[in-house]
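Here's the letter readout for the chains.
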Amino acid sequence: MKKLGTILLCLMAFSLAGQTTFSDTVKLKSVLIQGNKHQHHQEQLDSAVLSDPQHLNLGDLLSKKSHLFIKSYGIGSLATISLRGSGSSHTQLNWNGISLNSSMNGSSDLALFPLFFMDEVTLNYGLNSSADGTGGIGGAVNISTVPRFKKQLNLYVSANYGSYGQRQYNARIKAGNKKFQSITKIIRNTADNNFNYKDLTQEGFPQRTVKNASFTQKGMMQNFFFKLKKNQLLEANLWWFESERNLPPLITLRDNTELQKDIALKSLVKYSKYFNNGTLKITTAYIDDALDYVNERANIQSNSHSKSLRTRADYEFNWKKIKFHSQVKYNNNRAVADGLTDNVSQNRIEAYTKVKRKISENFSINVSTRYLNVLKDGSYFLPQLRVEYQNKKQNSRLFAVVGRNVKYPNLNDLYFHPSGNVNLKAEESESVEIGGSLGKSLFRKKLDVNGSAAVFYNNIQNYIQWEPTAFGFWKPSNLSSVETMGFELFAELRQQKGTIKKHFSSTYSFTSSKNFEKQHEFDESKGKQLIYIPEHKGNVSLELEFKGIVFSTNYQVIGIRYISSDNVEFLPTYSLLDFGMSRRFSLKQKNSIEISVGIKNTLDTEYQSIEWRPMPNRNYFIKIGYQFKT
Amino acid sequence: MKQLIYVLILVVVFSCRKDDNADGPVEIDNANVLILNEGNFNFGNASLSLYNDRDNSVDNKIFQSNNNGRPIGDVVQSATQIGDELFVVVNNSSKIEVLNASTLQSKTSIQQLNSPRYIEVATTQKAYVSDLYEDKLYIIDPTNHSVTKTIETKGWIEEMAIANGKLYLTHVDSNQVWVLDSTTDSLLYKIDVHIQPQFIEVDADDNVWVSCSGGFNGGKSALYHIQTSNDSIVSILEGIAVEDKIGEIEMNSTKDELYYIGKNGLYKMSINDLQLPENSFIDQNLRLFYGFSIHPINNQIYIADAIDYQQRGVVYRYNKSGVQIDAFKVGIIPGDIIFLN
């Protein structure tokens, strides 16, 4: 507690120092990047990418545009993140800086996060996620809504029709002036998901149709932004999302009826104050997640309900060549569920301080510490050191970072009935990462070339794993140490020649994620890749814009995923090729209509992302969007 | 740019490996030890392994090999040989695969089931099938592979045994052993036992032994010795501590010794003992004893180790004195070992 007290005192001192630099100057940043911006340790995807109808959901988008691997059970089904070889609970999903990961199982189901709700998605790889909190051993995905203060009334509606009964309706109203903005978004998304597949479990491999896979999603998001003064912003956000999905059985099973209903209600209030050389941000969110599961065959009806109060305050300021960032966080997580022993709760306090100093024109050094205290259960001290080289003239950057992170057990790990293990230790990681990026403009700035690369190493101690027991139930335990290492490459070309714009981008990642403990002589998992984590993942995309028509194509390759820890069983490599074309028609009085068509899985690849769960073959979509602007 | 494309092409080329499951049917020869590999629940990776104790050879995935590459399904729970047919209960696939016991080729399957667990044979034309979810006991006719009748049980039934002309079934949900007349199928008695009775065996005196796991809330495990002549409890044996768990139980060939999986490994006791053994007969050490069987003729002990539940498990073969003879790799989560006639 002494450490915590010291850090809090530091924070207060910094806050007082900041008050002296108060100024009326507005520094509201409104970043809008056309396309995706890829640096060595961070990647930003803006509204232009997010609104591309080729991307069904956040998981689909991240799978194509980043180094993330998405473990997907199918359209609308459970989709979890694996980043840099870590597990699904090792990547944080943040909404305006507040973690949305389930307090019960620690992970996020990306199928429950509609892209239409997001204006910007930022990925922070590895230790770069630590500025937002602990737990992001693999990294963090940050989603946010971005206001643009101007007098406007902007109405947008769209309808997207696809194969297998996919229907997606979106509506958005943006209204406001230079002091107030309101953004309202409404979605409704349904699919029958009744695609055909080759049944590899039956002799002769007959064609069958997926059953019990339909879903309905509906939701609304409301954002209010108030510019209180020239340098103060208050925002209030409400997120309601309801999903009802049937869970299709494995193809090795006969018909089964499983249903999952998720209801999420998230509210977030954020206050920002901008000084001459600093900012203060206070964010508080209340997150209410309910899940009802029904299994008719097993006569199971289970409910779980979690409620979290998550709050953070950040103060950043510049002093001479030094940048300071201080942060305190408080999370209160509570849950009631059939699977939990009782009403359970957990309180976490975090304090963070970062000091970044320029030591020469091009070099800077960055030292940070984060302190996590889980009330009554332990505390962790997480230092980090980063060295950066940046040459603005040559548009090049290099960095090296070393540090620690921690992922504290979730409520299910600790209290799940009957086998929650209150003696579980936190997963602790030590990481090193080196990377860089380079950008060049050639041919009189008609061709932009960008590239980035990163190499990482991560050692995770006390890796938590759930296993069945010989006595009929599953139990989590701290098993072993896991080492992940690999490298990530990104290359991009942008060219504009007259009215023709070309954009080529490509990503490749190699990920080694291995267990280094052996239970006995017959245990063959030592030194082997963890299951369902591909070593190789690559993506190539090309966009061509000509006379208002945009052609796009995306080719994605996912390497083999081992499905047994001794790496004897695996799912084969698969690749997916998508095509899309869109055209915007300008109408009178700033009205416009956009029509998009596309083919997904053009090569009709038969593949399984998860064993014995078929994925859709070639399918089509058409989207019509109408926009009215004042 | 070209280099990047080359890298991607290389990735594709080197990532494609040959699937090694495409061999043809395997001759059964004299192999007679069949390992049931449960596989992970909802992973569809159950399999059968065939072991020949004469030359120590193993054929994994023999069901797939002998059935045109078709996987057997999700969670192979148990298997029972009836005549020259092997009835394999595939729990989460809701079926019983009926195999030719000589070729392990599928003849048919019984599909009208929910979550079948175990089979207990009454006569050549009558067998009982327990179920996890259905609240019923099925009666099947093994000769025509059909369900002929169901009996309401209002709960989850695990293992069953026939002794003294009666059917004894472990009624998990009610913490009871139910006694049925195996001719009329009428309920005779309900015997209260410890929490979660799951395994049952018949001894040399035609009495039954039932192991109760103690459940999930820290209850004690217990072993019940029930006299079948009057359905009274002869003895209740329980460990000193909650950790002294009792899992699967089996009898030796003469049915005068009882073996069970406990906290530290495999334990052995006489059916006349009035307390549980203090020390294990075969130490588990760092291994994970998940299931076991005793050869009905030579009393060799086969113990299945699931290791980490995510890789091919291993089966250890011991002689009756507990000295290891052999060990061999099988499929994922080996749960039971069957000796074919």
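Residues numbered from 1 in each chain as written. Chains lettered and ligands numbered in written order. Predicted model: local features only at pLDDT ≥ 70, side-chain atom pairs only at ≥ 80, totals over all residues.

From N to C terminus, chain A includes 4 helices and 36 strands. In terms of overall size, chain A behaves like a compact globule, its C-alpha atoms giving a radius of gyration of 24 Å where 630 residues would be expected to give roughly 25 Å. Taking the principal axes of the C-alpha coordinates as reference, chain A spans close to 75 × 65 × 45 Å. Taking all 630 residues of chain A together, the buried fraction comes to 43%. Considering only contacts in chain A between residues 6 or more positions apart, those separated by 24 or more positions represent 61%. (Helix = DSSP H or I, 4+ residues; strand = E, 2+ residues; numbered from the N terminus. Rg over C-alpha atoms; globule rule 2.2 N^0.38 Å. Buried ≥ 20, exposed ≤ 12 C-beta atoms within 10 Å, placed from the backbone. Contact = placed C-beta atoms within 7 Å.)

Counting secondary structure elements, chain B contains 2 helices and 28 strands. Rg of the C-alpha trace for chain B: 21 Å, near the compact-globule value of 20 Å for 341 residues, within the 12% margin. Expressed along its principal axes, the backbone C-alpha trace of chain B runs to roughly 80 × 45 × 40 Å.

All names here are of chain B. Ordered by their spatial adjacency, 4 strands build an open sheet running β20-β21-β22-β23, and the pairing between neighbours is antiparallel. Each of the sheet's edge strands pairs with one partner strand only, and the pair in question is β20 (246–251) and β23 (282–283). As defined by bridge partners, strand β21 (residues 257–262) adjoins strand β22 (residues 265–270) across 6 bridges and the pair is classed as antiparallel. By the bridge assignment, Tyr259 is partnered in β22 with Lys268. (Pairing = 2+ DSSP bridges.)

Turning our eyes to something else, we now look at the environment of Leu259 of chain A. Residue and element names in this part refer to chain A. You can see Leu259 is positioned in strand β16 (residues 258–275). For the pair Leu259 and Lys323, spaced 64 residues apart in the sequence, the C-alpha separation amounts to 51 Å. In this view, Leu259 contacts Asn246, Leu247 and Val294; residues no more than four positions away in its chain are not counted.

So, about the domain arrangement of chain B. How big an interface is tends to be stated in terms of the accessible area lost upon association of its parts. All names here are of chain B. For chain B, the assigned domains are domain 1 (77–152) and domain 2 (157–284). Centre-to-centre separation of domain 1 and domain 2, based on C-alpha positions: 23 Å. Counting from both sides, the interface comprises 9 residues of domain 1 and, opposite them, 10 residues of domain 2. When residues of the side of domain 1 that touches domain 2 are traced back to their parent elements, those giving at least two are β8 (116–123) and β9 (126–131). With 4 residues, β8 is the largest single contributor of residues to the side of domain 1 that touches domain 2. Among the residues forming the side of domain 1 that touches domain 2, the class breakdown is 5 nonpolar, 1 polar and 3 charged. (Domains from an automatic or database assignment. Nonpolar A, V, L, I, M, F, W, Y, C, P; charged D, E, K, R; others polar.)

Attention shifts here to the interface of chain A and chain B. Across the boundary between the two partners, chain A contributes 43 residues, which contact 44 residues of chain B. Of all the elements in the fold, those that place two or more residues in the side of chain A that touches chain B are β25 (447–468), β27 (500–515) and β28 (536–546) of chain A. Among the elements that line the side of chain A that touches chain B, the one with the most residues is β28 of chain A, at 3 residues. Grouping the constituent residues of the side of chain A that touches chain B by class yields 18 nonpolar, 17 polar and 8 charged.

It is worth spelling out the sheet that holds strand β2 (residues 47–52) of chain B at this point. Residue and element names in this part refer to chain B. The strand order across the open sheet formed by 4 strands is β3-β2-β1-β28, and the pairing between neighbours is antiparallel. For this open sheet the edge positions go to β3 (57–59) and β28 (334–339), each flanked by a neighbour on one side alone. With strand direction ignored, the average angle separating the axes of adjacent strands in the sheet is 25°. Relative to β28, strand β1 (residues 33–37) runs antiparallel, the two being bridged by 5 bridges. Counted as the bridge partner of Leu36 is Asp336 from β28. (Axes fitted to C-alpha atoms, helices over the stretch in contact; angles between N-to-C directions.)

Of all the 6 residues making up β20 of chain B, 5 are buried; the element is thus mostly covered by neighbouring parts of the structure. Taking the residues that link successive antiparallel strands as the turn, the β20 of chain B-β21 of chain B hairpin has 5 residues, and the phi of Lys255 of chain B there is positive, at about 60°.

The element helix α3 (residues 58–65) of chain A is extensively covered by neighbouring structure, given that 8 of its 8 residues are classed as buried. Every buried residue of α3 of chain A is accounted for by Leu58, Gly59, Asp60, Leu61, Leu62, Ser63, Lys64 and Lys65 of chain A.

Looking now at the environment of Val401 of chain A. All names here are of chain A. Relative to the elements of secondary structure, Val401 occurs in strand β23 (residues 396–407). Remark: the alpha-carbon pair of Val401 and Gly435, spanning 34 residues in sequence, is separated by 9.0 Å. For Val401, the residues in contact, after removing those within four places along its chain, are Leu127, Gln384, Leu385, Arg386 and Glu433.

Okay, the nonpolar core next. Core analysis: the biggest nonpolar cluster contains 89 residues, and Ile35, Leu48, Val88, Tyr168, Val210, Ile303 and Val315 of chain B have the highest contact counts within it. Shared between two domains, this core holds at least three residues of each, these being domain 1 (77–152) and domain 2 (157–284) of chain B. With residues near it in sequence (within four places) discarded, Ile303 of chain B still touches Leu266, Ile282, Phe289, Phe292, Val315 and Tyr316 of chain B. Residues Val49, Phe116, Trp239 and Phe241 of chain A belong to the second largest nonpolar core, which totals 52 residues. (Core = buried A, V, L, I, M, F, W, Y, C linked by C-beta atoms within 7 Å.)

Moving on, we get to the confidence of the model for chain B. With 92% of its residues at a pLDDT of 70 or more, chain B shows a mean pLDDT of 90. In this model, residues 1–22 of chain B is a region of pLDDT below 50 whose contacts with residues beyond four sequence positions or in other chains number 27 contacts. (pLDDT = per-residue confidence, 0-100.)

Residue and element names in this part refer to chain B. Within strand β12 (residues 157–163), 7 of the 7 residues are buried, leaving the element largely enclosed by the surrounding structure. The pairing of β12 with strand β13 (residues 166–171) spans 5 bridges and is antiparallel. Looking at β13, one finds that Ala163 is bridged to Lys166. The antiparallel hairpin formed by β12 and β13 contains 2 residues in its connecting segment, where Asn164 sits at a positive phi of about 55°.

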